Each structure stands twice: as structure tokens, then as C-alpha cells.
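Take a look at the letters that make up each chain.
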Amino acid sequence: MWGTSLHEHESFGDLGGCLSSTWQRAESREAQDFVEKFEGALGKGKGKKLYAYKMMMAKKWVKFKRDFENFKTQCIPWEMKIKEVESHFGSSVASYFIFLRWMYGVNLVLFGLIFGLVIIPEVLMGMPYGSMPRKTVPRAEQATAMDFSVLWDFEGYIKYSALFYGYYNNQRTIGWLKYRLPMAYFMVGISVFGYSLMVVIRSMARNANESTADGDDDNFIFSWKMFTSWDYLIGNPETADNKFASITTSFKESIVDEQESNKDENIHLRRFLRVLANVLIICCLCGSGYLIYFVVKRSQTFSKMQNAGWYERNEVEIVMSLLGMFCPPLFETIAALENYHPRIGLKWQLGRIFALFLGNLYTFLLALMDDVNEKLAEEDVVKNITHWTLLGHHNSSAGNDSTVTPPPLDPADVPRGPCWETTVGIEFVRLTVSDILVTYITILVGDFIRACFVRFVNYCWCWDLEAGFPSYAEFDISGNVLGLVFNQGMIWMGSFYAPGLVGINVLRLLTSMYFQCWAVMSSNVPHERVFKASKSNNFYMGLLLLILFLSLLPVAYTIMSLPPSFDCGPFSGKKRMYDVIQETIELDFPVFVAKIFSYVANPGLIIPAILLMVLAIYYLNAVSEAYQRANAELKKKMQMQREEEKNKRNNKASTNPMLQDLEDLLTPSTKTESPPKQAEDKKIESLNGTSPVRKPGRGEVLDGSPMAGGRGAAFTPPSQVFVTQPRTLGVRAPYPGQPRPWGYPLGPVPGRGRGQPCYPRAAR
């Protein structure tokens with residue numbers, strides 16, 4: 001017995017010594033690594049200097065990376081302004097300014113293409129102003145060419161400038177570089193649409209990837225916002241105020257989402273009100289379309305009048321601008337009947353205003369095409385007049401001597417054609433400028449002056465102007481977004497006929513960012529129900545893609561179907577505008593390239609290619625929808641798994657107290673591995689006289705009775721039954737006073753009765 005215990009003791013000692021030596025070796029290795037790492041700092045001489053230099057460079061590198069990240073953030077245009085707007089007005093208002101900044105970048109690239117490849121070459125290498133009729137103001141218009149009223153209508157000197165299509169010459173090459181301006185003009189016009197299409201689709205794909213990459217953040221929203229929103233590295237008071245406002249706004253957005261998810265409504269009444277709202281809005285759309293068609297038709301009559309006033313000349317632009325100003329608030333008032341979620345209501349509002357602007361735009365284009373057809377019919381007459389005028393000048397100057405060179409006719413005296421391309425460009429420029437003015441005046445009057453009136457007159461008014469009518473204005477997200485979209489559509493359509501229109505739009509977007517940011521922060525208040533914007537701007541991009549496609553159709557129709565003007569523009573003298581490509585291929589490329597181009601342009605190949613593209617788009621759309629469904633199902637499964645794990649944890653947490661209660665029901669002796677045996681020992685001791693015997697009184701019960709332990713005593717065996725166990729051979733109890741051997745547990749051995757506990761006999 002003792003030998004075994006000593007042997008085990010020695011084995012335990014060896015194990016402890018082995019472990020201690022292993023720990024010592026590990027600690028010495030860590031100490032050695034520490035010394036090697038910081039030897040320069042702990043020592044003296046070159047090692048210390050080298051270490052100090054390395055540590056200094058490491059700190060400098062970390063600081064440089066942090067400063068460079070801050071520099072990149074500062075280089076993002078208007079980033080701090082947009083963050084300030086988002087912190088006070090929510091992500092939905094900030095999404096408009098982010099979209100505006102993106103549009104500014106796109107237009108800046110388009111302006112670089114047009115300005116660098118079309119305008120600058122014509123100005124530097126083309127024929128100078130006044131050298132030919134298309135670059136000279138007619139004699140009859142020179143007296144009023146510099147009047148403000150004429151320039152405001154983009155007539156006079158502006159009409160015959162590089163801003164419009166008619167200024168550019170049709171020479172195949174210009175300058176000492178032999179620059180092919182007509183070819184460049186055509187390719188840049190096509191590249192504007194190609195680049196815009198590529199950028200819009202790329203942005204939509206990026207937004208889709210970002211939205212699908214986001215995790216499910218619907219769990220514990222308020223807890224996460226409460227405990228993880230604050231940034232403890234903020235040291236600037238202004239940044240801290242913006243962060244505080246941002247957290248408050250995010251709580252408001254989440255509260256709106258939670259209220260909408262738990263809203264209970266009468267479905268039949270809601271359907272009736274929504275149908276009624278749609279009927280009213282359709283009536284408004286039809287009425288606005290008819291009004292624009294009527295006004296455009298009447299403007300054609302006004303254009304033939306000699307003494308037409310300012311209103312008659314600008315009636316179309318005024319009516320379209322007023323419709324764009326008053327219809328969106330009317331739609332928003334009608335949409336209050338539907339009681340949609342604010343995010344869904346914004347999309348419906350955007351769709352309705354999109355239909356309004358689209359109907360107005362295409363009504364304007366259809367009426368404008370009627371005007372173009374009239375000018376084409378007039379152009380044939382003017383072409384004959386010009387031909388006979390030049391012929392008569394030649395005959396009168398030469399006389400009977402045919403060898404005399406006639407003096408050149410003054411370009412201002414040459415009869416001009418209507419140049420329908422320039423007329424179309426002027427209409428688009430007028431629409432753009434009038435839209436800019438109406439937008440700025442609306443902001444100045446409807447927001448700033450209204451806010452000043454409410455702020456300063458509220459003290460002496462009969463009711464609370466801030467809480468009641470008129471109150472402060474809210475930022476109109478839908479109207480401003482659709483204004484940007486349709487303004488860009490007019491830029492895409494009008495840039496082919498007015499190359500300088502993109503420059504006007506760049507200035508408009510630049511001033512809009514500063515002006516609208518100032519108006520929002522100074523004159524507007526957050527929406528009554530601040531809602532969270534969608535995770536991507538793909539809805540805005542979808543509208544922009546649709547307006548891009550619809551803007552391409554009129555331009556493609558004019559390029560492929562209408563003949564260009566005979567005396568203005570880079571394509572004059574050709575039957576169609578696209579003939580410049582065929583001419584370039586025939587003159588500048590080998591013969592087989594012309595054959596390949598003729599084969600590719602065959603409708604027998606174009607139609608199957610279009611059908612193949614449609615099928616590819618359909619297939620990719622189906623695959624995308626399948627991936628979205630799979631992603632949604634995966635999110636549901638993950639949510640169910642999380643809920644199941646949470647339920648398991650809750651059940652486990654609730655089961656542990658039940659087990660504890662069950663243990664409490666048992667006798668206290670159950671926790672010492674032999675609850676029945678101790679009761680038996682007590683009974684045997686009472687029978688043998690080793691302990692005083694005491695009879696239970698009237699109110700007492702025996703220890704082993706079911707009532708002794710309270711409600712859990714029923715689990716203990718009765719006092720009349722003795723559960724014993726036969727003695728184990730080779731095991732005896734120690735003598736009285738004999739010391740307990742080392743290594744044996746305290747307490748009685750299971751299965752023994754009363755008396756001293758027994759320990760195993762040592763091996764002899």
C-alpha cells in the first residue's frame with residue numbers, strides 16, 4: 001500500500017518537474033526573443049541608435065498612412081458638406097447630394113471630350129469668325145445682334161458662335177494637323193452616349209454588389225446603435241456635434257422603420273384610396289401633356305409674327321418650367337391618401353414625376369419635329385434662292401468678259417437656310433437655362449424668404465407659424481432628383497446640336513451644390529418622418545438609364561433619317577449624317593475594310609445581333625433574379641439558425657434553475673454521493689446505542705420519514721428499509737487512532753454501514 005502510494009507520488013513529482021522545466025524553457029525563450037527584439041533599446045551604442053531610428057520610421061510611416069487617408073477624404077469633392085447634411089437631415093436627403101456629385105463628375109468628363117476634341121480644334125485651326133456665311137451674322141440682324149433681349153433668346157452673336165452646331169465647317173480636314181473635324185464631331189457625339197451608358201451600368205453593378213454584400217442588420221438595431229455608434233477618437237467639437245446629430249437622426253430612421261413594420265391598417269379602405277390617388281394623378285399627367293402640345297403648336301404661330309413679345313417667344317419654356325414646379329407638390333399632396341412607407345412613397349413619387357417630365361419632354365419633341373419638318377421644306381426654297389443669288393452676283397460682276405474674277409460676295413449678304421440643327425440646339429439651351437432660373441428662384445423664394453418670414457414674424461402673429469402654416473420648408477427629394485435626371489436627359493439630347501450645352505450644365509451643377517447645400521442647412525427642416533435611404537442608389541440610376549435610352553432615340557432618328565442642312569454644320573452637303581463614316585472608310589482605309597463595314601452594316605446581321613443581345617440580357621436578368629432569391633433564402637436560413645441557437649441558449653438557461661430546484665428537493669446528503677447510506681448510518685447508530693435515542697414528539701417525524709425533508713423527502717428511502725452492501729474482500733477499517741494514509745479521500749466508502757470509514761488495504 002505504502003509502496004504504491006510512494007511510487008505514484010514519485011511519478012507525480014517527475015511530471016511536475018517535467019512541466020516546470022518546460023515552462024522554464026518557454027519563459028527563457030520568450031525572454032530571449034524580447035531581448036533580441038529590444039536589444040537596441042536596452043543596450044548602448046550603434047544598436048540603440050539603429051533601434052531608435054527604426055522605431056521612429058515605423059511611427060512616421062503609421063502617421064503618414066493616417067494623414068494620407070485623411071488627405072484622400074479631403075480630396076473627395078464636398079465630402080464634409082454632404083456628411084453635415086446627412087447628420088442633420090438623414091441619408092435620404094444626403095443621397096440626392098451624392099447623386100448630384102456623381103452627375104457633376106460625369107458631365108465634367110463629357111465636357112472634356114467635347115471641348116477638347118470639337119470646340120478647341122475648330123476655334124484654333126478652323127476658319128476665323130466672319131470669313132464665311134455660317135460664321136457671320138446676317139446683315140439684317142447686325143443692328144440688334146448685341147441687344148440683351150436678343151442675346152437672352154440666344155440669337156445674334158451667340159447663335160453664330162461655337163456654342164451651336166451651325167458654326168462648324170464641313171471641310172474634311174482643317175489646320176496643319178489635317179484634323180478631321182466632321183469625323184471627330186460624329187464620333188464624339190456617339191461617344192457621349194457610349195460613355196454615359198458604360199458609367200451608369202457600372203455604377204448600378206457596383207451598387208448591386210454593395211447592397212448584396214451587406215449583412216442582415218435587422219437584429220438588435222437599437223442596441224447596436226446605442227452601444228456602438230459613438231466614435232471615441234473624435235477630437236473636433238464640430239465633428240462631435242455632427243456625429244451627435246447623425247446618431248439622433250439614425251434613431252429616428254430606425255423608429256420609423258419599426259413603426260411601419262408594426263402598422264395595422266384597413267386593407268380595403270387603403271386600396272380604394274390608392275386607386276383614387278392613381279386616377280387623379282393620371283388625369284394630371286394627361287392634362288399637362290395636352291397643355292404642352294397646345295403651347296408648342298401655338299409657339300409656331302408666334303414664331304411667324306414680326307412683333308412677337310417676350311412671353312410669346314418664351315411661352316413653351318415658361319409653361320414647362322411652371323408644370324415642373326407645381327405638379328410635384330400636387331402629386332405629393334395626392335400621395336398622402338396612399339399612406340405608403342416613406343421610402344416606398346418616395347419611389348412612387350419619383351415614378352409619377354418621371355412620367356410627368358417624360359410626357360412633357362416627348363410632347364415637346366413631337367411638336368419640335370413638326371417644326372423641323374417645316375424648316376426642311378423651307379430649306380429647299382432657300383437653297384434655290386441662294387444658288388440663284390450667287391449665280392446672279394457672278395454674272396453681274398463678270399459682265400461680258402468671262403475671264404474676270406468676280407469679287408467675293410460679303411458673307412453677311414448671302415441668303416441663309418433655317419439650319420434646323422441650330423434651332424433645336426437653341427430650344428434645348430433655353431429649356432436648360434429656364435430650368436436653372438426656375439430652380440434657383442424657387443429655392444430663394446420658397447425656402448429662404450419663407451424661412452425668414454416664419455423666423456422673424458412668428459413673434460407677432462396670431463398663431464404659431466413654425467408649427468402651423470406656413471412653417472419651414474422640407475427638402476423636396478423627389479422633385480430635385482427628377483429635375484437632375486431630366487436636365488441630364490436634355491443635355492444628352494441637346495449636346496449633339498449645341499456642343500457648348502455641356503459646359504453650361506457643368507456650371508449649373510457646380511453652383512447647385514453650393515446653393516442647395518446652403519439652402520438646406522439654413523432654410524429647411526428635416527422631414528417629419530425621417531426615413532432611411534435604400535442601401536444603393538440603383539433606383540436613381542435606373543431612372544437615369546431609362547432617360548438615357550429615351551434621349552438616344554431622337555438623336556439616332558435625326559442621324560439616320562433626316563438630311564442635314566445644306567449650308568451649316570460639319571455634315572452639310574451630305575445626304576445623311578452617318579455618311580461621314582462611309583466617306584472616311586472609303587478614303588482613308590483599305591478596300592477590304594470598306595467591304596467588312598458594308599457587311600456589318602447589313603440589316604441581316606444587325607437584327608440577329610440585336611436579338612442575341614436581348615436574349616443575353618434576358619438570361620442574365622434571370623440568373624440575377626435566381627441569385628437574389630438564393631441569397632434571400634440563405635439569409636432566412638441563417639436567421640432561423642440564429643433563432644434556433646438563441647432558443648437553445650434560453651432553454652439551457654431556463655433548465656439550469658430547474659435542475660437546481662430538483663437538487664434542492666432532494667435531501668442534503670445527496671450532494672455527498674451517498675444520501676441513503678447516511679440515513680442508514682443514523683438509524684443503525686440509534687439502534688446500537690452509539691447515539692442517544694430520542695422518540696419523536698407529537699409534532700415531529702422521523703428523519704427517514706417522507707415528511708422529514710419537507711417537499712423533497714419523498715425521494716429518500718423509508719426508515720424501516722436498510723440498504724446495505726456486502727463487505728469487500730481485502731478491505732478493513734483502520735484501528736482507532738490510526739492515521740489516515742496519504743492519497744485517500746475523506747468520507748465514508750460507498751456501500752458501508754455505520755462506524756469508521758474503510759480504506760483499501762495496502763499491498764503486503
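Up top is the structure.
Keep in mind that what you see is a predicted model, and the values were worked out from it rather than measured.

This part is about the overall build of the protein chain. Within the protein chain one finds 21 helices and 4 strands. Residues classed as buried in the protein chain amount to 34% of the 764 residues present. Partitioning the contacts of the protein chain with sequence separation of at least 6, the portion at a separation of at least 24 is 75%.

Residue position: Ser95 is located in helix 5 (residues 91-125). Taking C-alpha positions, Ser95 is 9.9 Å from Val85, a pair spaced 10 residues apart along the chain.

Before going further, it helps to spend a moment on the state of the cysteines. According to the stated counting rule, one finds 1 disulfide in the structure shown. What pairs with Cys419 in a disulfide is Cys568, and their sulfur atoms sit 2.0 Å apart. As the torsion about the S-S bond is roughly 105 degrees, the Cys419-Cys568 disulfide counts as right-handed. A residue pair is termed long-range when its members are at least 10 positions apart, and Cys419 in the loop between helix 13 (342-398) and helix 14 (420-457) and Cys568 in the loop between helix 17 (538-560) and helix 18 (579-588) qualify at 149 residues. The exposure class assigned to Cys568 is buried, which follows from its relative accessible area of 4%. Unpaired in terms of disulfides, Cys286 finds its nearest cysteine sulfur in Cys283, a separation of 6.7 Å.

This part takes up the side chain of Ser203. Tracing the backbone through its elements, the reader meets Ser203 in helix 7 (residues 181-213). You can call Ser203 buried: its relative accessible area is 5%. With residues up to four places along the chain from it excluded, the contact list for Ser203 reads Trp102, Asn538 and Met541.

Let us now look at the packing of aromatic side chains. Applying the stated criterion across every chain, the model contains 27 aromatic pairs. Note on Tyr96 and Phe475: the rings are 5.3 Å apart at their centroids and 55 degrees apart in plane angle, and the pair reads as tilted. Pair noted here: Tyr96 is in helix 5 and Phe475 is in the loop between strand 1 (473-474) and helix 15 (477-494), with a separation of 379 residues, a long-range link. Summarising the burial analysis for this pair, Tyr96 and Phe475 share the class buried. Three or more aromatic residues link up through ring pairs in this structure, and these residues are Tyr165, Tyr167, Tyr168, Tyr185, Phe186, Trp420, Phe496, Tyr497 and Phe571.

Checked against the element boundaries, Leu553 lands in helix 17. With 60 residues separating them along the chain, Leu553 and Met493 place their C-alpha atoms 9.0 Å apart.

The next thing to look at is the pattern of salt bridges. By the definition in use, this model includes 11 salt bridges. Measuring nitrogen to oxygen at the nearest pair gives 3.6 Å for the salt bridge that ties Arg430 to Glu427. Highlighted residues: Arg430 and Glu427, both in helix 14, separated by 3 residues, approximately one helical turn. Taken individually, Arg430 and Glu427 each receive the classification buried, so the pair is uniform in this respect. When the shortest N-O distance is used, the salt bridge between Glu583 and Lys574 registers 3.5 Å. Glu583 gets classed as partly exposed once you look at its relative accessible area, which sits at 26%. A cluster of three or more residues bridged by salt bridges with shared partners is formed by Glu155, Lys159, Glu427 and Arg430.

Burial in helix 4 (residues 79-89) covers these residues: Glu79, Ile82, Val85, Ser87 and Phe89. The first or second residue beyond helix 4 is Gly90, which carries a positive phi of 95 degrees.

A few words now on the side chain of Asp447. Within the secondary structure, Asp447 sits in helix 14. Salt bridges are absent for the buried Asp447, whose nearest opposite-charge side chain, Arg450, sits at 5.4 Å. Leave out the neighbours within four places in its chain, and Asp447 touches Thr442, Ala473, Ser523 and Asn524.

Cut-off values and rules
Residues numbered from 1 in each chain as written. Predicted model: local features only at pLDDT ≥ 70, side-chain atom pairs only at ≥ 80, totals over all residues. Heavy atoms only, no water. Helix = DSSP H or I, 4+ residues; strand = E, 2+ residues; numbered from the N terminus. Buried < 20%, exposed > 50% of the residue type's maximum accessible area, 1.4 Å probe, protein only. Contact = heavy atoms within 4.5 Å. Disulfide = S-S within 2.5 Å. Phe/Tyr/Trp six-rings, centres within 6.5 Å; stacked < 30°, edge-to-face > 60°. Salt bridge = Lys/Arg side-chain N within 4 Å of Asp/Glu carboxyl O. Lys, Arg positive; Asp, Glu negative; His and termini not counted.

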